[in-house]
Amino acid sequence: LQGIFVLGLPYALLHSGYSGLLLIVLAAALCCYTGKILIACLYEENEDGQLIRVRDTYEDIANACCEKLSPNLGGIVVNVTQVVELIMTCILYLVVSGNLLSHSFPYVPVTEKTWSVIAFVTLLPCVFIRTLKIVSKLSQLCSLVHFVIILVVITYCLTQVHQWSWAKFRLSLEFEDFLVSVGVIIFSYTSQIFLPTLEGNMKNPGEFRCMLNWTHFFACILKTTFALTAFLTWGEKTKEVITDNLPSFLETLVNLCLLTKALLSYPLPFFAATEIVYSCISKDSHSSYRSPLLALAVRGSFLLLTLLMAMFTPHFALLMGLSGSVTGAAMTFLLPSLFHLKLKWKKLSFLEKCADISVFILGFLCSLAGIVCSIKGLLEVFG
């Protein structure tokens, strides 16, 4: 989903001004930090003081924290939160695909929902994806398309450098608009759901922290450059999705690239969600974890669910904002800091405890503000 959020960064700068540039850097640092403390919760020291990986998943961390209260309560909460966020992301990709197709081919007499069905047909092979290796290859292609999109936009903006002006930045801010900017900027970095699996599959897990530092550093540089050049080019005319500002011939090209990116992005959250549900069902039914028929049924059901919700859920964008404010903030800020405090309290320094508490409070405030704004939008629509 990062590519879609990145395209909204210039619009976020429109509503946040100079503070938006600071937020892009701050969000990178915070998300990098919560990624590190989440992975730290997977490890415990043995008698010799060596760190040993005693947990494998986000679920295991949650169960360890809630062990005294209920052995499986934490895992259930985390799994439900993860699945909701992942499935909503999959649905968003279908909705976006339909929207992009309808804008790319406006003369074809087909509705946006029909375009979503056409996009869905191309995703049917996802039911046969059984390993993360296939998903990783698709994600590599997705990253390549993402860089092409960014390169096209930045290149065009550089041709307009003669009209750039720092006077376009706003000094006064509207509170609600600023909150929207905060949401867009923060959630353009979120990846905590995938980190335990990613770290566990690295050839050298000891390099994880270094990898996280460099990826967030380069992501911060790229996003700042992209948002700044685009905003300086269009100023007050900056639209919610920056590709809508491009000339028509470039807009169609970039929209088709975005469509490709959306379709290539779909398998990762889809695979992650189905693996979580598949694992839970297998444990409950005591059946073979590698039962191919059960796996096919789970994937097929989820694939159909994403289509039905994309087709028939009214005002999906507002519902996505509401669920994202709850699940996104929880998985990115609230739970990592809470789990780290719970599992490592005796070994944390005073400054580390203050850092975790501060991140938790910040995550709670972001979540609360997002919920209020989303509910207000829903009430206005249904009112």
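Residues numbered from 1 in each chain as written. Predicted model: local features only at pLDDT ≥ 70, side-chain atom pairs only at ≥ 80, totals over all residues. Heavy atoms only, no water.

- The protein is annotated in an unreviewed UniProt entry as Vesicular inhibitory amino acid transporter from Platysteira castanea.
- Listed in UniProt under the heading Sequence similarities (unreviewed entry), the comment for the protein reads: "Belongs to the amino acid/polyamine transporter 2 family." (UniProt positions renumbered as here; feature names shortened; annotations may be inferred.)

**Some words on the overall build of the protein**
Here's step 1: When its secondary structure is counted, the protein shows 15 helices and two strands.
Here's step 2: Relative to a compact globule of 383 residues, whose C-alpha radius of gyration would be 21 Å, the protein shows 21 Å and is just as compact.
Here's step 3: With respect to the principal axes defined by its C-alpha atoms, the protein has extents near 65 × 50 × 45 Å.
Here's step 4: Scored against the burial criterion, the 383 residues of the protein give a buried share of 48%.
Here's step 5: Sequence-distant contacts in the protein: of pairs separated by 6 or more residues, those separated by 24 or more amount to 78%.
Here's step 6: Split by element, the accessible area of the protein, about 19,300 Å² in all, is 69% carbon and sulfur.
Here's step 7: Placing the 25 positive and 24 negative side-chain charges of the protein at their respective mean positions leaves the two points 4 Å apart. (Helix = DSSP H or I, 4+ residues; strand = E, 2+ residues; numbered from the N terminus. Rg over C-alpha atoms; globule rule 2.2 N^0.38 Å. Buried < 20%, exposed > 50% of the residue type's maximum accessible area, 1.4 Å probe, protein only. Contact = heavy atoms within 4.5 Å. Areas by Shrake-Rupley, 256 points an atom, 1.4 Å probe, with all protein chains shown as cover. Lys, Arg positive; Asp, Glu negative; His and termini not counted. Charge placed at Lys NZ, Arg CZ, Asp CG, Glu CD.)

**Some thoughts on the packing of helix 5 (residues 73-104) against helix 13 (residues 292-312)**
Here's step 1: Contact geometry of helix 5 with helix 13 gives a least axis separation of 9 Å together with a crossing angle of 60 degrees. Classified by the angle between their axes, helix 5 and helix 13 sit oblique to one another. Considering how the two elements wind past one another, helix 5 and helix 13 form a crossing that is right-handed. Taken together, the residues of helix 13 that come into contact with helix 5 (itself represented by V83, I87, C90, I91, L94 and V95) are F302, L305, T306, L307, M309 and A310.
Here's step 2: In terms of residue class, the contact of helix 5 with helix 13 is made up of eleven nonpolar, one polar and no charged. (Axes fitted to C-alpha atoms, helices over the stretch in contact; angles between N-to-C directions. Parallel < 35°, antiparallel > 145°, perpendicular 65-115°, else oblique. Left-handed = near helix turned anticlockwise from the far one by under 90°. Nonpolar A, V, L, I, M, F, W, Y, C, P; charged D, E, K, R; others polar.)

**Here we look at the nonpolar core**
Here's step 1: With 55 residues, the main nonpolar core has Y189 and F226 as its most contacted residues.
Here's step 2: No other element matches helix 10 (residues 208-234), which puts nine residues into this core.
Here's step 3: Filtering out sequence-adjacent residues up to four positions away, F226 remains in contact with V6, L7, P10, I150, V153, I154 and I242.
Here's step 4: Counting residues in hydrophobic clusters, the runner-up holds 46 residues, among them I87, I193, A272 and M331. (Core = buried A, V, L, I, M, F, W, Y, C linked by side-chain atoms within 4.5 Å.)

**What about the state of the cysteines?**
Here's step 1: Following the criterion strictly, the structure yields zero disulfides and no others.
Here's step 2: Looking at C90, it has no disulfide partner, and the nearest cysteine sulfur is the one in C126, 8.3 Å off.
Here's step 3: Under the relative-accessibility criterion, C90 is labelled buried at 0%.
Here's step 4: Not engaged in a disulfide, the cysteine C142 finds its nearest cysteine sulfur in C257; these two sulfurs lie 11 Å apart.
Here's step 5: With relative accessibility at 7%, the residue C142 sits in the buried group. (Disulfide = S-S within 2.5 Å.)

**Here's the deal with the layout of surface pockets**
Here's step 1: Considered as a void within the structure, the second largest pocket measures approximately 540 Å³ in volume.
Here's step 2: What lines the second largest pocket is a set of 18 residues, among which K36, I39, A40, L51 and R209 lie closest to the centre.
Here's step 3: The leading source of residues in the lining of the second largest pocket is helix 3 (residues 18-40), at five residues. (1 Å grid on protein atoms, 1.4 Å probe; cavity = no way out; pocket = protein on both sides within 12 Å on 5 of 7 lines; lining within 4 Å. Points joined across faces, edges and corners; volume = space filled by probe spheres on them.)

**Examining the pattern of salt bridges**
Close approach of charged atoms lets side chains of opposite charge pair.
Here's step 1: According to the stated counting rule, one finds five salt bridges in the structure shown.
Here's step 2: Here E44 ties to K344 by a salt bridge, and the two come within 3.8 Å at their closest N and O atoms. Pair noted here: E44 is in strand 1 (residues 43-45) and K344 is in helix 14 (residues 316-344), with a separation of 300 residues, a long-range link.
Here's step 3: K347 is the salt-bridge partner of E45, the closest N and O atoms lying 4.0 Å from each other. One end of the pair, E45, is in strand 1; the other, K347, is in the loop between helix 14 and helix 15 (350-382), and 302 residues separate them in sequence. (Salt bridge = Lys/Arg side-chain N within 4 Å of Asp/Glu carboxyl O.)

**What to know about the confidence of the model for the protein**
Detailed conclusions should not be drawn from predicted coordinates in areas where pLDDT is low.
Here's step 1: With 92% of its residues at a pLDDT of 70 or more, the protein has an overall mean of 84.
Here's step 2: Taken element by element, the protein is modelled with least confidence in helix 1 (residues 2-6), mean pLDDT 60, and with most confidence in helix 10, mean pLDDT 92. (pLDDT = per-residue confidence, 0-100.)

**What about the packing of aromatic side chains?**
Here's step 1: In the structure shown here, the tally under the stated rule is seven aromatic pairs.
Here's step 2: Each ring, one from Y266 and one from F270, has its centre 5.5 Å from the other, and the planes form 25 degrees; the classification is stacked.
Here's step 3: Owing to a relative accessible area of 1%, Y266 belongs among the buried residues under this scheme.
Here's step 4: For F270, a relative accessible area of 2% gives the class buried.
Here's step 5: Members of the aromatic cluster, connected to one another through ring pairs, are W214, F217 and F218.
Here's step 6: Positioned above the aromatic ring of Y189 is the side chain of K223, whose terminal nitrogen or guanidinium carbon lies 3.8 Å from the ring centre.
Here's step 7: Its end group placed over the ring of W345, K353 keeps NZ or CZ at 4.0 Å from the ring centre. (Phe/Tyr/Trp six-rings, centres within 6.5 Å; stacked < 30°, edge-to-face > 60°. Lys NZ or Arg CZ within 6 Å of the ring centre and 35° of its normal.)

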